[in-house]
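Letter by letter, the chains look like this.
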Amino acid sequence: MIMAAVVPPGLITGFLKFAIHDSYDIPKLVLHFVGLFLTVALPEELFFRGILLRGLDKRFTRKWIPLVISSVAFGLMHWNNVSGLSTQITYISLAAVAGMGYGWAYRKSGNNLLAAILVHTLVDWIWKLCLAG
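Residues numbered from 1 in each chain as written. Predicted model: local features only at pLDDT ≥ 70, side-chain atom pairs only at ≥ 80, totals over all residues. Heavy atoms only, no water.

**A few points about the packing of aromatic side chains**
- Scanning all chains against the criterion turns up five aromatic pairs.
- Between the aromatic rings of Phe33 and Trp125, the centroid separation amounts to 5.3 Å while the plane-to-plane angle is 85°, which identifies the pairing as edge-to-face. Placement of the pair is Phe33 in helix H2 (residues 26-57) and Trp125 in helix H5 (residues 113-130), with a sequence separation of 92 residues.
- Of the residues examined, Phe33 reaches a relative accessible area of 21% and is grouped as partly exposed. (Phe/Tyr/Trp six-rings, centres within 6.5 Å; stacked < 30°, edge-to-face > 60°. Helix = DSSP H or I, 4+ residues; strand = E, 2+ residues; numbered from the N terminus. Buried < 20%, exposed > 50% of the residue type's maximum accessible area, 1.4 Å probe, protein only.)

Next up, the structure:
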């Protein structure tokens, strides 16, 4: 679902380009997945879903408001990952949409952070494997 929401706009804007490689080193791919899990997805999901979204959920009766706030914050956190205003706006927008998906996975799993962490890891891993941004 997340990939369907972010890949087409990413390709249309030119932010993403297909970059499928001829061969893959399986042990290296597994190590890369574990690295993304531990150093990117885990800390980001602990904060944005585990602390921010969970805390906002306690303060708002309309459940879409915390999801939007935490997703926009997640998007904004990616501001400095690229340069150039138009590229930054594209990245922020795509990251915010991805954040909505991670929040959805978190909620649909009964607020299980592992679900959000795994989805986040898979999205980042597939992005690095098949898309260049």
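So that's the structure; there's more coming.
**Some remarks on the confidence of the model for the protein chain**
- Confidence in the prediction for the protein chain averages 91 pLDDT; 95% of positions are at 70 or higher.
- Considering each helix and strand of the protein chain separately, the mean pLDDT is smallest for strand S2 (residues 131-132), with a value of 70, and largest for helix H3 (residues 64-77), with 98. (pLDDT = per-residue confidence, 0-100.)

**As for the side chain of Ser70**
- With respect to the helices, strands and loops of the structure, Ser70 is situated in helix H3.
- Using a relative accessible area of 0% as the deciding quantity, one classes Ser70 as buried.
- Ignoring any residue separated from it by four or fewer positions in sequence, one finds Ser70 in contact with Phe48, Arg49, Leu52, Leu53 and Leu56. (Contact = heavy atoms within 4.5 Å.)

**Brief notes about the pattern of salt bridges**
- Under the counting rule described, the total for this entry stands at two salt bridges.
- The residue Arg49 makes a salt bridge to Glu45 at a minimum N-O spacing of 2.6 Å. Placement of both Arg49 and Glu45 in helix H2 is noted, with a separation of four residues, approximately one turn of the helix.
- Overall, the relative accessible area of 0% leaves Arg49 in the buried class.
- For Glu45, a relative accessible area of 0% puts it in the buried group.
- Arg107 is the salt-bridge partner of Asp57, the closest N and O atoms lying 2.5 Å from each other. Pair noted here: Asp57 is in helix H2 and Arg107 is in helix H4 (residues 85-108), with a separation of 50 residues, a long-range link.
- A relative accessible area of 23% places Arg107 in the partly exposed class. (Salt bridge = Lys/Arg side-chain N within 4 Å of Asp/Glu carboxyl O.)

**Some thoughts on H2**
- Its 32 residues place the ends of H2 only 40 Å apart at the C-alpha level, less than the 46 Å of an ideal helix rising 1.5 Å per residue.
- At Ala41, H2 is deflected by roughly 40°, the largest bend along its length, and proline Pro43 occurs up to four residues later in sequence.
- When H2 is considered as a whole, its buried residues turn out to be Leu29, Leu36, Phe37, Ala41, Glu44, Glu45, Phe48, Arg49, Gly50, Leu53, Leu56 and Asp57. (Expected span 1.5 Å × (residues − 1). Bend = angle between axes of the 7 residues up to and from the residue.)

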